Amino acid sequence: VQEEKIFAGKVLRLHVCTMEGAEWLEEVPEDTTVEKLKERCLKHCVPGSLEDPKTMTHHKLIHATSEKVLTDTKTVLEENIQDRDVLLLIKKRAPPPLPKMADVSAEEKRKQEQKAPDKDAILKATANLPSRNVDRTVAHHNMRDFQTELRKILVSLIEVAQKLLALNPDAVELFKKANAMLDEDDEDRVDEIALRQLTEMGFPESRAVKALRLNHMSVTQAMEWLIEHADDPAVDAPLPGQTPSEATAEAGASSAEPTAGPSSESGGEEAKDELTEIFKKIRRKREFRPDPRAVIALMEMGFDEKEVVDALRVNNNQQNAACEWLLGDRKPSPEDLDKGIDTNSPLFQAILENPVVQLGLTNPKTLLAFEDMLENPLNSTQWMNDPETGPVMLQISRIFQTLNRT
């Protein structure tokens, strides 16, 4: 009897399977190492494979129940393998091959090509290109010239519309209906509730009106302004650009309008005079009113009140643009705003020959729209969306853009 068999440990019968479907029974003592067990398995299922030393390292044994990979240096007992347990012999997955140097270089090159160029690369690539500096002042003047030209078109179209409407015997009645829009001027109105709140606090009505206009009808801001300027000797002075007699003159003009008593003049002349008064009223209602806060701010910079009002009128009450106008060449001048376009120019002739424009000029609402846009360019969107005046404005814009390109 051999000594090994006398002192040998317990023999375990293990079922071994492969991924290919082979299955057999291995009988091994419990002190056998996993590496020896794996070697016996490989001899059984892959004869002659042990000649390659890598075969052992490329395979592994897995305990089927616990799905644990067995360690080669441990024994079957140490791995807690029991009799009749099932083991799986499988080949290890080959590690991914390392990238070749050529592939690495190609990938790095691709990343570099996709990378955004830095400042030095841009300067190097554009070193031989001719320099073209965009003059922002010229671009600003071009935009200003466009606005000035459009304004001239409106001035001339207003004159044509007035002449056409004067020939319409129903023009007076039409204007009386359309004139309702002129009475909805928010700038002339003061919030009665806000005014009552301030007067009930003890502030004089005239001073409260001034505070509300300066603070866009905000009661809280108006009250703060009144308290802050309570001891100011000029607190009751009229707002810049306005005179105390403005409301009186306006009321007198409006009351003088319907007081044309019976006379020996014909009905046509009376209608013509009444229409003339309506045109005057439109002009008077659409007179430019500078933003009081902008006037005060610009006057505090040292500019005269008249030139400040002119600057705001030219730049549509935009304080920053008005400041640039005052510090710059002051073009266009306020007088340029009242000049119309050359009536013999191809642009004006093309506008007048358009059927949509011709029809629109006979509508009193179109004249009111022109007057409003003349003094309030920001209201252009409102008139562009109006079903009556929108088509007219669209045709004028198209003709202007078409001829401006040629």
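Since the model is a prediction, treat every value here as computed from it, not as a measurement.

Novice: I'd love a proper account of the overall build of the protein chain, names of residues and values included.
Specialist: The secondary structure content of the protein chain amounts to 20 helices and 5 strands. Counting every position in the protein chain, which comprises 406 residues, the buried fraction comes to 33%. If you take every contact in the protein chain between residues at least 6 apart in sequence, the share linking residues at least 24 apart comes to 59%.

Novice: How would you summarise the packing of helix α13 (residues 292–299) against helix α15 (residues 319–327) if you had to cite specific residues and measurements?
Specialist: Running from N to C, α13 and α15 point in directions that differ by 35°, and their axes come no closer than 10 Å. Every pair of crossing elements has a handedness; the one defined by α13 and α15 is right-handed. Residues Ala-294, Ala-297 and Leu-298 of α13 form the contact with α15, whose participating residues are Gln-319, Ala-322, Cys-323 and Leu-326. Here the contact of α13 with α15 is built from residues that sort into 6 nonpolar, 1 polar and no charged.

Novice: So what's going on with the pattern of salt bridges? Which residues, and what values?
Specialist: Enumeration according to the criterion identifies 10 salt bridges in this entry. In this structure, the salt-bridge partner of Arg-207 is Asp-236, at a minimum N-O distance of 3.0 Å. On the criterion of sequence distance, the pair formed by Arg-207 in helix α9 (residues 205–214) and Asp-236 in the loop between α10 (219–228) and α11 (246–256) is long-range, its members being 29 residues apart. Owing to a relative accessible area of 18%, Arg-207 belongs among the buried residues under this scheme. Overall, the relative accessible area of 49% leaves Asp-236 in the partly exposed class. Across the pair Asp-386 and Lys-365 runs a salt bridge, and its minimum N-O distance is 2.9 Å.

Novice: So what about the nonpolar core? Which residues, and what values?
Specialist: In this structure, Ile-153, Leu-157, Leu-347, Ile-351, Phe-370, Met-373 and Ile-396 are the most contacted members of the largest nonpolar core, which totals 24 residues. The set of elements that each furnish at least two residues to this core consists of α6 (136–166), α16 (346–353), α18 (364–375) and α20 (390–405). If one sorts the elements of this core by residue count, α6 sits on top with 7 residues. Residues within four places of Ile-351 in sequence aside, it is in contact with Ile-153, Leu-157, Val-357, Ile-396 and Ile-399. If you look at the next biggest cluster of nonpolar residues, it comprises 16 residues, including Leu-14, Val-16, Leu-61 and Leu-70.

Novice: Residue-level account of the pairing of strand β3 (residues 59–63), with values.
Specialist: In terms of burial, β3 is a largely internal element, 4 of the 5 residues being buried. Of the strand pairs in this sheet, β3 and strand β5 (residues 86–91) are connected by 5 bridges, and their pairing is antiparallel. Bridging across to β5, His-59 finds its partner in Lys-91. Here 2 bridges tie β3 to strand β4 (residues 68–69), and the two strands are oriented antiparallel to one another. Opposite Ile-62, over in β4, you have Val-69 as the bridge partner. Hairpin connection from β3 to β4: 4 residues lie between these consecutive antiparallel strands, with Glu-67 at a positive phi of about 55°.

Quick notes on the rules
- Residues numbered from 1 in each chain as written.
- Predicted model: local features only at pLDDT ≥ 70, side-chain atom pairs only at ≥ 80, totals over all residues.
- Heavy atoms only, no water.
- Helix = DSSP H or I, 4+ residues; strand = E, 2+ residues; numbered from the N terminus.
- Buried < 20%, exposed > 50% of the residue type's maximum accessible area, 1.4 Å probe, protein only.
- Contact = heavy atoms within 4.5 Å.
- Axes fitted to C-alpha atoms, helices over the stretch in contact; angles between N-to-C directions.
- Left-handed = near helix turned anticlockwise from the far one by under 90°.
- Nonpolar A, V, L, I, M, F, W, Y, C, P; charged D, E, K, R; others polar.
- Salt bridge = Lys/Arg side-chain N within 4 Å of Asp/Glu carboxyl O.
- Core = buried A, V, L, I, M, F, W, Y, C linked by side-chain atoms within 4.5 Å.
- Pairing = 2+ DSSP bridges.

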